[in-house]
Amino acid sequence: MNQYWGVDADPTAQGRIKGARPVAVLDIGSNSVRLVVYERHARALTPLYNEKAACALGRGMAANGRLADANVERALTAIKRYALVTKLMRVGSVYVLATSAVRDAANREEFVSAVEEIMGTPVTVLSGQDEAHFAALGVVAGDPNFDGTVGDLGGGSLELAKISRGVDTEGETFELGVIRLQDDSDGSPVKAASIVAERLDKSLLRANGARPIFCAIGGTWRALAKLHQNLGNYPLHMVQNYHVPASEIRDLCAEIVKQSSKGKSYPGADYTSSSRRDLVPYGAAVLGEILRAGAFEQVSFSALGVREGYLYGHLKPREQTVDPLLQGAEEMSVLRSRSPAHAHDLFEFTSKFFSAAEFGETEAQRRMRRVACLVADIGWRAHPDYRAEQSIDAVAYSSLTGIDHQGRAFLSEILAVRYAGIKHKNVQPAVLALLSAEEQKRAKLIGALYRVAYPMSAAMPGVLPRVDIRIEDKTLVLALPTDLAFLAGDHLQGRLTQFAGVAGIDECAIKID
């Protein structure tokens, strides 16, 4: 009888990148053991499977220096299940990483040997400097332009690093993980804050005065970010690239520490999972002291950390320079659009107008227009009345990286106009509220231009390169070749007139060249 992982048939579906071989990272931390399987090892990582088990390997380490037997058993049981997952999913490469609790444990070798026997691959026990380095690379993987200080808070340790132009420097590690801190402070968040302040006294945070931005990584800080989003009714419940004024987070951290030390429920506790609820006050104690010590102006939260940074570090230098947003959008186009080649025609067609109208466009805005063209046709399978909403859901709430929340809102507005019209009164996803008035106008312009393009091309390549769009004597002209003159009907004229209105052009016409 065949085992599941021994079947001859390929288990992959047509909705996955053709020829992609999954890669996995098993992350053995002080608080949890997590397996993430990615669709392939590329610049843009798409999670295929993600599961964690709260094993608390770091609990009690400060007292006896050993991984507790019960926690080890819990971790190894979870890892046996993860080994099965990697076989079922036919993972090509599995990287097993262990951090603070394992590297400091007296029974480290015994545990590592057991894990290696189960997984059939070596365990890499990261030093504190390694953790700081790969955490920094994780931030770069998700935000190539990040320039600031990174902090990765785990159960056993805190790592700090500075990033400048994609390179990390000055890595540091501290015994300030939330589990260790909870034990060291005898369960007092106020005492924990004092411990943090003392241990950070000579850190890199104290040098060079104020800093513009701090990026927070780690499960406890992600829980804190989600708590802040819920308290403020923020429209997008996504941690990656969530930016907040440091003063807001500092005040929230202080309130959480204060209320918890009184034995009271802290603000937003009900929004936090039971596995993180008791740890959040210690994460707040650490973050509050970091923001105070570094005099940071802004906080950014990252869902990408050591795991993604480790994979990024194993890419070839040329692959590291690939734009993760463009690569992710190209994958989405390949998997969901009717013709990926049409996206390139659409970009060139829209470029003709931007050039002719002399509309100002920065390199960043041009990049976002290219991304918008790649995802412009992903909703065609949906019911016509819901193509806008489903397309917005696919983009705004996707695992795309290299994009901030305002960028997601920008793409969403373009798709809303493309599928539901200029006013799209019945399409009101909350994410659209994140868009500034200026960027909303630009998004409407692009979406309205798509509504001119698609009736001509039917989402197929080859037509748009033969069509010109230009300005003649203050008139918007759509020029068709003679053999496509039959396209110049009332429907196309109506779309062109709508677009001219959005563009602020009084006159428009279709001509046959």
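By the naming in an unreviewed UniProt entry, the protein chain is Exopolyphosphatase, taken from Devosia pacifica.

(A) The arrangement of empty space enclosed by the protein in detail. One pass over the structure, following the stated rule, counts five cavities of 30 Å³ or more. Looking at the largest cavity, its volume works out to about 420 Å³. Lining of the largest cavity is provided by 29 residues; of these, Asp-27, Asp-152, Leu-153, Gly-154 and Gly-218 occupy positions nearest its centre. Going through the elements one at a time, strand E2 (32–38), strand E6 (148–153), helix H8 (219–231) and helix H12 (306–313) are the ones with two or more residues in the lining of the largest cavity. Class assignment for the residues of the lining of the largest cavity results in six nonpolar, 14 polar and nine charged.

(B) Here's a closer look at the environment of Ser-188. As for its position among the elements, Ser-188 is in the loop between helix H6 (178–184) and helix H7 (189–199). For Ser-188, a relative accessible area of 23% puts it in the partly exposed group.

(C) Representation of the environment of Phe-347 within the structure. Inspection of the secondary structure puts Phe-347 in helix H15 (residues 340–356). A C-alpha to C-alpha distance of 32 Å links Phe-347 and His-314, two positions 33 residues apart in sequence. The contacts of Phe-347, once residues within four sequence positions are left out, are Arg-366, Arg-369, Arg-370 and Cys-373.

(D) Representation of the pairing of strand E14 (residues 507–512). Here strand E13 (residues 475–480) pairs with E14 via six bridges, running parallel. Bridge pairing in E14 places Leu-478 opposite Ile-510. Handedness of the E13-helix H20 (residues 490–503)-E14 crossover: right-handed.

(E) Representation of the packing of helix H16 (residues 363–374) against helix H18 (residues 405–420) within the structure. For the pair H16 and H18, interaxial distance at closest approach is 10 Å and the crossing angle is 50°. By the angle between their axes, H16 is oblique relative to H18. Seen from above, H16 lies across H18 with right-handed handedness. Seen from H16, the contacting residues are Met-368, Val-371 and Ala-372; seen from H18, they are Gly-407, Phe-410, Leu-411 and Ile-414. Within the contact of H16 with H18, the residues separate by chemical class into six nonpolar, one polar and no charged.

(F) The layout of surface pockets, seen in detail. Within this model, the largest pocket holds a volume of roughly 690 Å³. Taken together, 29 residues make up the lining of the largest pocket; nearest its centre are Asn-50, Arg-222, Lys-226, Val-239 and Ala-303. Those elements that place two or more of their residues in the lining of the largest pocket are E2, strand E3 (47–54), H8 and H12. Top contributing element to the lining of the largest pocket by residue count: H8, with four residues. By residue class, the composition of the lining of the largest pocket is 12 nonpolar, nine polar and eight charged. As for the second largest pocket, its lining consists of 22 residues, and the residues nearest its centre are Ala-364, Arg-367, Met-368, Asp-404 and Gly-407. Those elements that provide at least two residues to the lining of the second largest pocket are H16 and H18. Along the lines of polarity and charge, the residues of the lining of the second largest pocket split into eight nonpolar, nine polar and five charged.

Reading guide: rules and limits
- Numbering of residues begins from 1 in every chain and follows the order in which that chain's sequence is written.
- Reporting of local features is limited, given that this is a predicted model, to residues whose pLDDT is at least 70; pairs of side-chain atoms are given and counted only at 80 or more, and all residues count toward the totals for whole chains, interfaces and linings.
- Hydrogens and water molecules were not included; the side-chain quantities draw on all heavy atoms of the structure.
- In this analysis, the protein atoms alone were mapped onto a 1 Å grid. Cavities are point sets where a 1.4 Å probe fits without being able to get out; pockets are open sets with protein on both sides within 12 Å along at least five of seven lines; lining residues have an atom within 4 Å of a point.
- Grid points are joined across faces, edges and corners, and a volume is the space filled by probe spheres set on the points.
- The numbering of helices and of strands both runs from the N terminus, where a helix is a DSSP run of H or I of at least 4 residues and a strand a run of E of at least 2.
- Note on residue classes: Ala, Val, Leu, Ile, Met, Phe, Trp, Tyr, Cys and Pro are nonpolar, Asp, Glu, Lys and Arg are charged, and everything else, Gly too, is polar.
- Three labels apply to residues, based on accessible area from a 1.4 Å probe with only protein chains included: buried if under 20% of the type maximum, exposed if over 50%, partly exposed otherwise in between.
- Note on definitions: a residue-residue contact is assigned when non-hydrogen atoms from the two residues lie within 4.5 Å.
- Here, strands pair whenever DSSP counts at least two bridges between them.
- With strands facing away from the observer, any crossover in which the path from the first strand over the helix to the second runs clockwise is taken as right-handed.
- Structural elements are reduced to axes, namely lines fitted to C-alpha atoms, with helices fitted over the stretch in contact, and the angle between N-to-C directions of any two is expressed from 0 to 180 degrees.
- Any angle from 65 to 115 degrees is called roughly perpendicular, while one under 35 is roughly parallel, one over 145 is roughly antiparallel, and all others are oblique.
- Crossing chirality is assigned from the near helix's rotation relative to the far helix, an anticlockwise turn below a right angle marking it left-handed and a clockwise turn marking it right-handed.

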